[in-house]
Protein chains: 2
Amino acid sequence: MQGKIITISRQCGSGGHSIGSELAKKLDVPFYDKEIIEMAAKESGFHQEFVEEQGEHMNGSMLFNIAHHVAYAGRGSYKDYQPLQDQLYFTQVKVIKELAEKGPCVIVGRCADYILRDRNDVLNVFIHADMEHKKNRCLERGQFSEENAEDMIRRRDKLRADHYRYYTDEKWGDSTNYHLCMDSSVFGIEKCVSMIENACRGMYPDS
Amino acid sequence: MQGKIITISRQCGSGGHSIGSELAKKLDVPFYDKEIIEMAAKESGFHQEFVEEQGEHMNGSMLFNIAHHVAYAGRGSYKDYQPLQDQLYFTQVKVIKELAEKGPCVIVGRCADYILRDRNDVLNVFIHADMEHKKNRCLERGQFSEENAEDMIRRRDKLRADHYRYYTDEKWGDSTNYHLCMDSSVFGIEKCVSMIENACRGMYPDS
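Note that the structure is predicted; figures quoted are calculated from it, not measured.

Draft legend 1. Fine view of the nonpolar core. Counting residues in each nonpolar core, the largest one holds 45 residues, and the members touching the most others are I107(A), L116(A), I107(B) and L116(B). Setting aside residues no more than four positions away along its own chain, L116(B) makes contact with I5(B), T7(B), I96(B), K97(B), A100(B), I107(B) and V122(B). Core analysis: the second largest hydrophobic core is formed by 42 residues, I19(A), V125(A), M182(A) and A199(B) among them.

Structure, rendered in C-alpha cells:
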C-alpha cells in the first residue's frame, strides 16, 4: 500500500470537493474532478452537459437508453447494443485508469475507488456530514434555494448511491468500501485535509 | 463537540479492542469493555457468562425469551413482560450513561455510539479490516481454528450487526453513523491509535 493515489467519495454539501482540492495542493499532485468529465466527454463524443448530468447519476438514463435503443435499431445485432449510460461509464473507467497510470493524484467521485480496486497504491476516502452542515454549505454557495435544499441534497445523494450500486454492486458510504471515512461537520475542512495527509504519511516512498 | 468520550465499534479481528485499550492509555482515561459487562451482570442479577454471550448478540435470545415468557406466566400482566435480551440491553444503557457521566473514557462496542447520541462530547469511531488480516489476527490469538475462522468472524459480525439494527434501527458499519472510520489492515494498530488521538486533538479543553 503506497497511498500515491487518493480517491474521495463525498455526500453532496459535505465539502469533499474542497477537501480534495486543498489536499492536492498540499501534496502537490494533480486534482481531477470536472477534468475527468471533460476528458470523458471529448473521448465519447457526448455533449459535455449530458456527461456532467449523467456522470455520477442513474436518473433519466432510462429515457436516454430507450432513445438510443430506438436509434440503434437495425444498425447491428442486439448483443452489440450498449446503453448510453454504460458507454459513458466505461469511457470514464478508461480515463480514470489512464490518469492513475500517470502518477500520484487526487480523484473526486465517479466510482474511482472501485475502478482502481486492483491497484495497491490507492487510499480511498469517504466524506460525509450532518444535514445542517450540508444544507448551510449548499446555501452559502448558492447551489440550492432555502425551500428545497434538503430535498435536493437527499436526491443527489440517492442518485450517487444508485449509480454506485449499479456499477459496483456495493453500498455507497459503507465504511468497509473505504480506508478512511470522516464527518466534515465535526472536524471541518482544514482538519479533514490534514487528517488525510497524515493518513498518507509514511505511505509515500519519499514522505 | 468536545471529544471527551470515545466510542469504538469494531469488526471481529480488526484489532478495535487493542486500539481502544492503547488509546485509553495514551489519553490517560479509563477503558471500558468487559468491565461494562461485569457491571451490567452485577446490576441485572444475570449470570456473567450469559451476559458476555448475549451482550452484543441477538442469537439464542429467542429460546431464552420463550423460557422467560413461560416462567413469567401468571406472575403479572402481559404488558409488564420484558424479554431477557431487552432487560440486559437496558441495563447496559444505564451503565454506559453512568460511565459517560463520570468523565472522559474509551468505550468499546455495545451500541455506546447510539446510547450516547444525545451528548455533544462523544467521538464515534468504527474499525474494520480485510478478511485476511482479521483471520490472521484471530489465529494468532488462538481465538478460532484455521478451519472455521472465516465463518466464525462473519458469524460474529452478523450477530453484532443484527444486535445494532434491532436496538438502534441503524446499519452497523455505515460510515454516517460514526465520525471516523478506518481500515486497520491498511494503517496498522499503532497508526490507528495516533490517527484517533490526532482527531481528538483540539477537542479536549486541555489539549
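Here the narrative resumes.
Draft legend 2. A look at the pairing of strand 1 (residues 5–10) of chain A. Residue and element names in this part refer to chain A. Most of strand 1 sits out of view: 6 of its 6 residues are buried. Burial along strand 1 is two-sided: I5, T7 and S9 facing one way and I6, I8 and R10 facing the other are all buried. Two strands pair when backbone bridges link them, and strand 1 and strand 3 (residues 105–108) are joined in this way by 4 bridges, in the parallel orientation. Of the residues in strand 3, the one forming a bridge with I5 is C105. In terms of strand pairing, strand 1 meets strand 4 (residues 122–128) through 6 bridges, oriented parallel. Counted as the bridge partner of I6 is L123 from strand 4.

Draft legend 3. Structural view of the packing of aromatic side chains. Residue and element names in this part refer to chain A. Counted according to the given criterion, the structure contains 10 aromatic pairs over all chains. Relative to Y167, the ring of Y89 has its centre 3.9 Å away and its plane inclined at 10°; by these criteria the two rings are stacked. With Y89 in helix 5 (residues 84–102) and Y167 in helix 8 (residues 149–168), this pair connects stretches of sequence that are 78 residues apart. As far as the burial class goes, Y89 and Y167 line up, both buried.

Draft legend 4. Spatial organisation of the state of the cysteines. Residues and elements named next belong to chain A. Counting across every chain of the model gives 0 disulfides over all chains. For the unlinked cysteine C105, the closest cysteine sulfur is that of C200, found at 12 Å. Unpaired in this structure, C138 has its nearest cysteine sulfur neighbour in C12, at a distance of 4.2 Å.

Draft legend 5. Quick look at the pattern of salt bridges. Residues and elements named next belong to chain A. Inspection of the entire model under this criterion finds 24 salt bridges over all chains. Linking R110 and D33 is a salt bridge whose minimum nitrogen-to-oxygen distance equals 3.2 Å. Highlighted residues: R110 in the loop between strand 3 and helix 6 (112–115) and D33 in the loop between strand 2 (31–32) and helix 2 (34–44), separated in sequence by 77 residues. With respect to burial, R110 and D33 carry one shared label: buried. Across the pair E146 and K135 runs a salt bridge whose closest N-O atoms are separated by 3.2 Å. Remark: K135 occurs in helix 7 (residues 131–140) and E146 occurs in the loop between helix 7 and helix 8; sequence separation between them is 11 residues. For E146, a relative accessible area of 49% translates into the label partly exposed.

Rules used throughout
- Residues numbered from 1 in each chain as written.
- Chains lettered and ligands numbered in written order.
- Predicted model: local features only at pLDDT ≥ 70, side-chain atom pairs only at ≥ 80, totals over all residues.
- Heavy atoms only, no water.
- Core = buried A, V, L, I, M, F, W, Y, C linked by side-chain atoms within 4.5 Å.
- Buried < 20%, exposed > 50% of the residue type's maximum accessible area, 1.4 Å probe, protein only.
- Contact = heavy atoms within 4.5 Å.
- Helix = DSSP H or I, 4+ residues; strand = E, 2+ residues; numbered from the N terminus.
- Pairing = 2+ DSSP bridges.
- Phe/Tyr/Trp six-rings, centres within 6.5 Å; stacked < 30°, edge-to-face > 60°.
- Disulfide = S-S within 2.5 Å.
- Salt bridge = Lys/Arg side-chain N within 4 Å of Asp/Glu carboxyl O.

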